[in-house]
Amino acid sequence: MPIPTYDLMLRPILELAVAAPVSRRSATEAMAKQFGLSMGEQAVVTPSGGQTYVSNRVGWAMTFLTGGALIERTAPRQYRATAKGEDFLRAHPNVITIRALKALEGWEEAWASGRWKSASVEPVGEGASQTPQKALEGAVSELHADVRSRLMESILNQSPAFFEQVVLDVLVAMGYGGSKAEAAHHLGESGDEGIDGRINQDPLGLDQILVQAKRNAPENVIDRKTIQAFIGSLAGQGVTKGVFITTSSFASSAKEFVQRGSNTKVVLIDGEALLDLMMRHKIGVRVDRAIELLDCDQNYFEDEG
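Residues numbered from 1 in each chain as written. Predicted model: local features only at pLDDT ≥ 70, side-chain atom pairs only at ≥ 80, totals over all residues. Heavy atoms only, no water.

Caption draft 1: Spotlight on the overall build of the protein chain. Within the protein chain one finds 13 helices and 7 strands. Looking at the 305 residues of the protein chain, the share that counts as buried comes to 43%. Partitioning the intrachain contacts of the protein chain with sequence separation of at least 6 by distance along the chain shows that 68% fall at a separation of at least 24. For the protein chain, the exposed area adds up to about 16,800 Å²; of that, 51% sits on carbon and sulfur atoms. (Helix = DSSP H or I, 4+ residues; strand = E, 2+ residues; numbered from the N terminus. Buried < 20%, exposed > 50% of the residue type's maximum accessible area, 1.4 Å probe, protein only. Contact = heavy atoms within 4.5 Å. Areas by Shrake-Rupley, 256 points an atom, 1.4 Å probe, with all protein chains shown as cover.)

Caption draft 2: Representation of the pairing of strand β1 (residues 71-75) within the structure. Inspection of the sheet shows β1 paired to strand β2 (residues 78-81) by 4 bridges, in the antiparallel sense. Counted as the bridge partner of A75 is Q78 from β2. Between the antiparallel neighbours β1 and β2 lie 2 residues, among them R77 with a positive phi of about 65°. (Pairing = 2+ DSSP bridges.)

Caption draft 3: Examining the nonpolar core more closely. Ranked by size, the top nonpolar core spans 33 residues in total, and within it M9, L10, I13, L14, V58, F88 and L101 carry the most contacts. Only α1 (6-19), α2 (24-34), α4 (53-67), β2, α5 (83-91) and α6 (98-102) provide two or more residues apiece to this core. With 7 residues, α1 is the single largest residue contributor to this core. Leaving out residues up to four positions away in the same chain, L14 has contacts with L65, L70, I71, A81, G85, F88, L89 and I96. Judged by nonpolar contacts, the second largest core, of 25 residues, contains I155, V167, V211 and A213. (Core = buried A, V, L, I, M, F, W, Y, C linked by side-chain atoms within 4.5 Å.)

Caption draft 4: Region of the structure containing the environment of L65. Residue placement: L65 occurs in helix α4. Sequence-distant contacts of L65, defined by excluding residues within four places in its chain, comprise L10, I13, L14, L70 and I71.

Caption draft 5: Quick peek at α2. Those residues of α2 lying buried are R24, A27, T28, M31 and A32. In an axial view of α2, the angular spread of the buried residues amounts to 135°, which keeps them on one side of the axis. Residues R25, E29 and K33 are exposed on α2 and point more than 90 degrees away from its buried face. In this structure, the buried residues of α2 make contact with α1, α3 (39-43) and α4. (Arc of directions from axis to C-beta.)

Caption draft 6: The arrangement of the pattern of salt bridges in detail. Tallying each qualifying case throughout the model produces 6 salt bridges. Of the charged contacts in the structure, one is a salt bridge between R148 and E272, with a shortest N-O distance of 3.2 Å. Placement of R148 in helix α8 (residues 132-156) and of E272 in helix α12 (residues 271-280) is noted, with a sequence separation of 124 residues between them. Residues R148 and E272 agree in their burial class; the two are buried. (Salt bridge = Lys/Arg side-chain N within 4 Å of Asp/Glu carboxyl O.)

Caption draft 7: Structural detail: unusual backbone geometry. Residue A69 is not a glycine yet carries a positive backbone phi of 60°. Here A69 lies in the loop between α4 and β1. The phi angle at K282 is positive, at roughly 55°, despite the residue not being glycine. Secondary-structure assignment places K282 in the loop between α12 and α13 (298-302). Relative accessible area serves as the criterion here: at 47%, K282 is assigned to the partly exposed category.

Caption draft 8: Expanded view of the pairing of strand β6 (residues 241-246). By the criterion of burial, β6 is predominantly enclosed, with 5 of the 6 residues buried. Bridging between strand β5 (residues 208-214) and β6 involves 5 bridges; their strand directions are parallel. Considered in β6, the bridge of A213 is made with I245. Handedness of the crossover is the feature at issue here: the chain leaves β5, passes through helix α10 (residues 224-236), returns alongside β6, and the resulting connection is right-handed. As paired strands, β6 and strand β7 (residues 265-269) are joined by 5 bridges and run parallel to one another. The residue bridging F244 from the neighbouring strand is L268, located in β7. (Right-handed = clockwise from strand over helix to strand, strands pointing away.)

Quick look at the structure:
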């Protein structure tokens, strides 16, 4: 699975800090386990090579939590949730967004003053030496991370039936069923064996893809048994292709089971991949503004006619 962005780590890290003191190292290990990252995924380093992506994103998450006074340092390299953090966690039972943090009283003042730097979890970067292009890329990345967290929060606040329709909208936008909405059918009724949707890959519906959608909280990982049941449902309906989409993630055993191969082809799409697809195909999001960047055209000045 893709390495989760730092915003997805906000709530699980705050949960850890409520239960017991947490360090950046222990939080990194916990996030790797919670999101089911392989050893290879855990070892991927940032372009600078100074740290892994997982550790870097844990640092970002802890930075934002510290800026919001939701966690505080209680000992060298040790952090614990504050009373404010415990209240905030109860008030946000599904996900924590960057927007929600920025709405906290005192957030802007804390960030502007740089008081969060005392937490010793300042994100690794070029700081003041960044080029304008790099600074812009960083700002866009942060904005998109906020959109992703709010998008997931919106999905989790809707009904399971709404999520099933979202999944079909994404698949149609990707071109399945010839990009025709009528080629996608929302099921989820008795006798459908747990199947939530059906995509026709040809006008006559001779080749079909069955879809199952699970709107789970991030911590509710899809296990192998669930995937086995889905494949059994495909066989029961005489279909050999399926897509299983969830807002959470898949256990390693589930992914390994699918990769072994059989007469049935199943694609697993976790929450991170789903958000990628929704943003790429503009499902549930819109373009807020387009910025045109200009550069000096040296060819113009070098052409003497």
